[in-house]
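Each chain, letter by letter, is given below.
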Amino acid sequence: MTERTFSIIKPDATKRNLTGKVNAVIEDAGLRIVAQRRIQMSQAQAEKFYEVHKERPFFGELVEFMTSAPVVVQVLEGDNAVAKYREVMGATNPEQAAEGTIRKLFALSVGENSVHGSDSQDNAKIEIAQFFTDDQIVG
């Protein structure tokens, strides 16, 4: 079933000019990038995006990290895109990530793990809507 998911290429990856390399892994896995733009996430955007973690001790650090440099927000499309992209990203801890995954290839640490991907179809819709309008997604 064709579906969409949301992706962020995080500051640790954009600072190292890895957008094209990350995109190549995404596309080689059979996912299509149907919307993409580079933004400087504001504090308000980061706080809204990560509000589910608001009570967690790492919330402030996470918001600070996500606003520290540009990010690339994306909409990916493909068969079972949510599950597929989670597989392509690899485990949150790059030491535990499978070979060939984005995090194994590019992540610096658990915190600087290069990419975010939606964890469900419902969350994908919510996350996509925070950064893109329907007319900005052209598949």
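Here is what the cut-offs are and how they apply
The numbers attached to residues start from 1 for each chain and follow its sequence in the written order. Totals for whole chains, interfaces and linings use every residue, but because this is a predicted model, local features are given only for residues with pLDDT of at least 70 and side-chain atom pairs only at 80 or more, for both listing and counting. Based on all heavy atoms of the structure, the side-chain values leave hydrogens and waters out of the count. Each salt bridge in this description consists of a side-chain nitrogen of Lys or Arg and a carboxyl oxygen of Asp or Glu lying within 4 Å of one another. Put simply, DSSP marks the helices as runs of H or I at least four residues long and the strands as runs of E at least two long, and each gets a number from the N terminus on. Think of it in three bands: residues with accessible area under 20% of the maximum for their type are buried, residues over 50% are exposed, and the middle band is partly exposed, with areas taken using a 1.4 Å probe on protein chains only.

Asker: What is the right way to look at the pattern of salt bridges in this model?
Answerer: Side chains that differ in sign of charge can pair as their charged atoms come close. Counting across every chain of the model gives 3 salt bridges. Measuring nitrogen to oxygen at the nearest pair gives 2.9 Å for the salt bridge that ties Glu77 to Arg4. Placement of the pair is Glu77 in strand β3 (residues 71–79) and Arg4 in strand β1 (residues 2–9), with a sequence separation of 73 residues. Glu77 sits in the buried class, given a relative accessible area of 14%. Of the residues examined, Arg4 reaches a relative accessible area of 30% and is grouped as partly exposed. Taking the shortest distance from any N to any O, the salt bridge between Arg16 and Asp12 comes out at 3.3 Å.

Asker: Please explain the environment of Gly60 as it appears in this structure.
Answerer: Relative to the helices and strands, Gly60 resides in helix α4 (residues 59–66). Look at Gly60 and you get partly exposed, because its relative accessible area is 45%. Taking C-alpha positions, Gly60 is 9.9 Å from Ala46, a pair spaced 14 residues apart along the chain.

Limitation: the analysis is restricted to geometry and does not speak to function.
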